[in-house]
Amino acid sequence: DTEVTQTPKHLVMGMTNKKSLKCEQHMGHRAMYWYKQKAKKPPELMFVYSYEKLSINESVPSRFSPECPNSSLLNLHLHALQPEDSALYLCASSPLATSGGGNEQFFGPGTRLTVL
Amino acid sequence: AQKVTQAQTEISVVEKEDVTLDCVYETRDTTYYLFWYKQPPSGELVFLIRRNSFDEQNEISGRYSWNFQKSTSSFNFTITASQVVDSAVYFCAPSGGYQKVTFGTGTKLQVIP
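### Some remarks on the interface of chain A and chain B
Now for step 1: In this assembly, 27 residues from chain A lie in contact with 20 residues from chain B.
Now for step 2: The junction of chain A with chain B conceals about 1900 Å² of combined surface from both sides, 54% of it contributed by carbon and sulfur atoms.
Now for step 3: In this structure, the connection of chain A to chain B is made through 2 salt bridges.
Now for step 4: Linking B:R50 and A:E104 is a salt bridge whose minimum nitrogen-to-oxygen distance equals 2.5 Å.
Now for step 5: In this assembly, chain A and chain B are joined by 4 residue pairs in polar contact (both at pLDDT 80 or more).

Structural data, given as structure tokens:
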């Protein structure tokens, strides 16, 4: 199994809602990532987990809360989002990077989030 | 931290033409990696190629080839005999810090049949 799956594919939520995005991989990768991508822009790194521990938080607002319950799963909990948070949210995984970040990342298809 | 410049915003070529995508990067790291990713209209980013900073040998893999020149901080990517399925946005992405990849602004390639 060489794919990263993400659910849901699309999500529409109000600013007072609480929702979660899910990501799963079964490639034995020990690094997992969340990216945010606005239309016609490159992906922006949000969080990185290494060995199920948060290793990088790119100063993301607390209304985004990541969770890595085990080595195959990555969640992104959403609460009190703003309309400007509407974007494509991409999950990725990679073998744990050697120093210098040499391993390619495998991406899921993304969740397209709309905040009303 | 890395900075990436992909000066070509959009390129259109006719099928079977060769096309080169340019990438210029800035980094303070002495050791780093360079990647190219492809994002078709479906949205899923796909890894294409990787090069490390201490190996400047250029390579060919199928229809893909790349030209890495450390002296000019360039990492250009060429598709030979382009096909309609190559239509996508292509991102150059250096990685120096631990697990942190910086994506360039992307080049949108349209291959016209």
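### Brief notes about the packing of aromatic side chains
Now for step 1: All chains considered together, the criterion is met by 17 aromatic pairs over all chains.
Now for step 2: Aromatic side chains A:Y35 and B:F103 sit 5.8 Å apart centroid to centroid with 80° between the ring planes, which places their arrangement in the edge-to-face category. On the criterion of chain membership, the pair formed by A:Y35 in strand β4 (residues 31-37) and B:F103 in the loop between β10 (88-95) and β11 (107-112) is interchain, its members lying in two chains.

### Describing the nonpolar core
Side chains that are nonpolar tend, in soluble globular proteins, to be buried together.
Now for step 1: Membership of the largest hydrophobic core comes to 23 residues, with the highest contact counts inside it found for B:W36, B:F75, B:F77, B:Y90 and B:L109.
Now for step 2: If you list the elements that add at least two residues to this core, you get β2 (10-14), β3 (19-21), β5 (33-39), β6 (46-52), β8 (64-69), β9 (74-79), β10 and β11 of chain B.
Now for step 3: Other than its neighbours up to four places away in sequence, B:F75 contacts B:C23, B:Y25, B:L34, B:F35, B:W36, B:I49, B:R51, B:W66, B:N67, B:F68 and B:C92.
Now for step 4: Counting residues in hydrophobic clusters, the runner-up holds 22 residues, among them A:L11, A:L21, A:L78 and A:A87.

### Considerations on the sheet that holds β6(B)
Think of a sheet as strands paired side by side through backbone hydrogen bonds, with each pair either parallel or antiparallel.
Residue and element names in this part refer to chain B.
Now for step 1: If you walk across this open sheet you meet the 5 strands as β2-β11-β10-β5-β6, and the pairing is mixed. Looking along the sheet, the strands with just one partner apiece sit at the ends: β2 and β6. Put simply, the sheet's adjacent strands are angled 20° from each other on average, direction ignored.
Now for step 2: Pairing analysis gives 5 bridges linking β2 to β11, with the strands arranged parallel. Bridge pairing in β11 links S12 to Q110.

### A short note on the pairing of β4(A)
Both faces of the sheet carry side chains from a regular strand, because those side chains alternate between them.
Residues and elements named next belong to chain A.
Now for step 1: Counted residue by residue, β4 has 7 buried out of 7 residues, so it is predominantly covered.
Now for step 2: Burial of the side chains of β4 extends over both faces: A31, Y33, Y35 and Q37 are buried on one face and M32, W34 and K36 on the other.
Now for step 3: Note that β4 and strand β5 (residues 44-50) share 6 bridges and pair antiparallel. Paired with W34 across the two strands is F47, which belongs to β5.
Now for step 4: In this antiparallel pair of consecutive strands, β4 and β5, the connection spans 6 residues, and K40 shows a positive phi of 60°.
Now for step 5: Sheet topology places β4 next to strand β9 (residues 87-94); 7 bridges connect them, and they run antiparallel. By the bridge assignment for β9, W34 is matched with C91.

Procedures and definitions
- Residues numbered from 1 in each chain as written.
- Chains lettered and ligands numbered in written order.
- Predicted model: local features only at pLDDT ≥ 70, side-chain atom pairs only at ≥ 80, totals over all residues.
- Heavy atoms only, no water.
- Contact = heavy atoms within 4.5 Å.
- Buried area = accessible area lost by both parts, 1.4 Å probe.
- Salt bridge = Lys/Arg side-chain N within 4 Å of Asp/Glu carboxyl O.
- Polar contact = N/O pair within 3.5 Å; in protein donor to acceptor, adjacent residues only side chain to side chain.
- Phe/Tyr/Trp six-rings, centres within 6.5 Å; stacked < 30°, edge-to-face > 60°.
- Helix = DSSP H or I, 4+ residues; strand = E, 2+ residues; numbered from the N terminus.
- Core = buried A, V, L, I, M, F, W, Y, C linked by side-chain atoms within 4.5 Å.
- Buried < 20%, exposed > 50% of the residue type's maximum accessible area, 1.4 Å probe, protein only.
- Pairing = 2+ DSSP bridges.
- Axes fitted to C-alpha atoms, helices over the stretch in contact; angles between N-to-C directions.

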